[in-house]
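Observations on chain architecture
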Amino acid sequence: MYATHKVLPLMKAQGIGHIVNISSVAGRVANAGSGVYNASKWAVGAFSEALRKEVYQNNIRVTIIEPGLVATELPQHITDSTALKRAKNFYGSVKNLESQDIANAIVYAVTQPLHVNVNEILIRPTEQER
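Residues numbered from 1 in each chain as written. Predicted model: local features only at pLDDT ≥ 70, side-chain atom pairs only at ≥ 80, totals over all residues. Heavy atoms only, no water.

Re the overall build of the protein
The test is simple: The numbering of helices and of strands both runs from the N terminus, where a helix is a DSSP run of H or I of at least 4 residues and a strand a run of E of at least 2. Only protein chains enter the accessibility calculation, which uses a 1.4 Å probe; a residue whose area is less than 20% of its type maximum is buried, one above 50% is exposed, and one in between is partly exposed. Note on definitions: a residue-residue contact is assigned when non-hydrogen atoms from the two residues lie within 4.5 Å. Here, Shrake-Rupley sampling with a 1.4 Å probe gives the accessible areas, and only protein chains in the shown set may cover a residue.
The secondary structure content of the protein amounts to four helices and three strands. Seen in sequence order, the protein has helices and strands lined up from the N terminus as α-β-α-β-α-α-β. For the protein, the residues scored as buried account for 36% of the 130 residues in total. Pairs at least 24 residues apart make up 72% of the contacts formed inside the protein by residues separated by at least 6 positions. Put simply, the protein shows about 8,200 Å² of open surface, and 56% of that area lies on carbon and sulfur atoms.

Considerations on the nonpolar core
In plain terms, the rule: Here, the term nonpolar core denotes a set of buried Ala, Val, Leu, Ile, Met, Phe, Trp, Tyr and Cys residues that are joined through side-chain atoms within 4.5 Å.
Residues I65, V70, L97, I102, A105, A109, V118, I121 and I123 constitute the largest nonpolar core, which totals nine residues. Among the elements of the structure, α4 (99–110) and β3 (120–123) are those that each provide at least two residues to this core. With three residues, the single largest contributor to this core is α4. Sequence-distant contacts of A105, that is, excluding residues within four places in its chain, are made with I65, I121 and I123. Counting seven residues, the second largest nonpolar core, distinct from the first, contains L8, I19, L51 and V55.

Observations concerning the pattern of salt bridges
To keep things clear, this is the line we draw: Throughout this description, the term salt bridge denotes a Lys or Arg side-chain nitrogen within 4 Å of a carboxyl oxygen of Asp or Glu.
As enumerated under the stated definition, the model contains four salt bridges in all. The salt bridge partner of E66 is R28, with a shortest N-O separation of 3.1 Å. Here R28 lies in the loop between β1 (17–22) and α2 (35–55) and E66 lies in strand β2 (residues 60–67), a separation of 38 residues in the sequence. For E66, a relative accessible area of 6% translates into the label buried. Here E49 makes a salt bridge to K53, at a shortest N to O gap of 3.9 Å.

Description of the side chain of T63
Definition in use: Definition of a polar contact: a pair of N or O atoms within 3.5 Å, with one able to donate and the other able to accept a hydrogen when the atoms are protein atoms, and with sequence-neighbouring residues admitted only if both atoms are side-chain atoms.
Looking at the element boundaries, T63 is found in strand β2. Among the polar contacts listed, one links the side chain of T63 to the side chain of H18, at a separation of 2.8 Å. In contact with T63, other than residues within four places in its own chain, are H18, I19, V20, N21, A109, N117, V118 and N119.

Okay, structure coming up:
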C-alpha cells in the first residue's frame, strides 16, 4: 500500500498506469490455523478492488494475481504445527507452480490493450483441488 501511495500521483499526472498486486488462493478460501494469513490475503483483494474503483477514471488499471501452490519458502514461516503439517502434505501432493508461471500471468495482464483491465487472475497448479 505504501508503494501504491507513492506511485499514484505520478500515474495520475501521466494519465496512465497499472498496479499489480499479488495475493493468494488463501484470499478466497480460509483454513483453520491460517486465519492471519487468510485475512491478509483477503485484505489484498479488498484493497485492489477499492483501488480499481478509485483510479479507473485516470486510466490506471489494477490487477490482482492470486496464485495457488507456488514453490516458495512459505512453509518455513508457518508457526502453527497443524497448519505446517497440512501445508507440507499439500505442497508435496502436486507439482507446484514456479515463479515463471506467475511472471507469465503478470505479463499477460499488463500487455493487454489499454481499454482492457484484467482485474483478477486466479492461477493454480492443474492438480490442485482447492
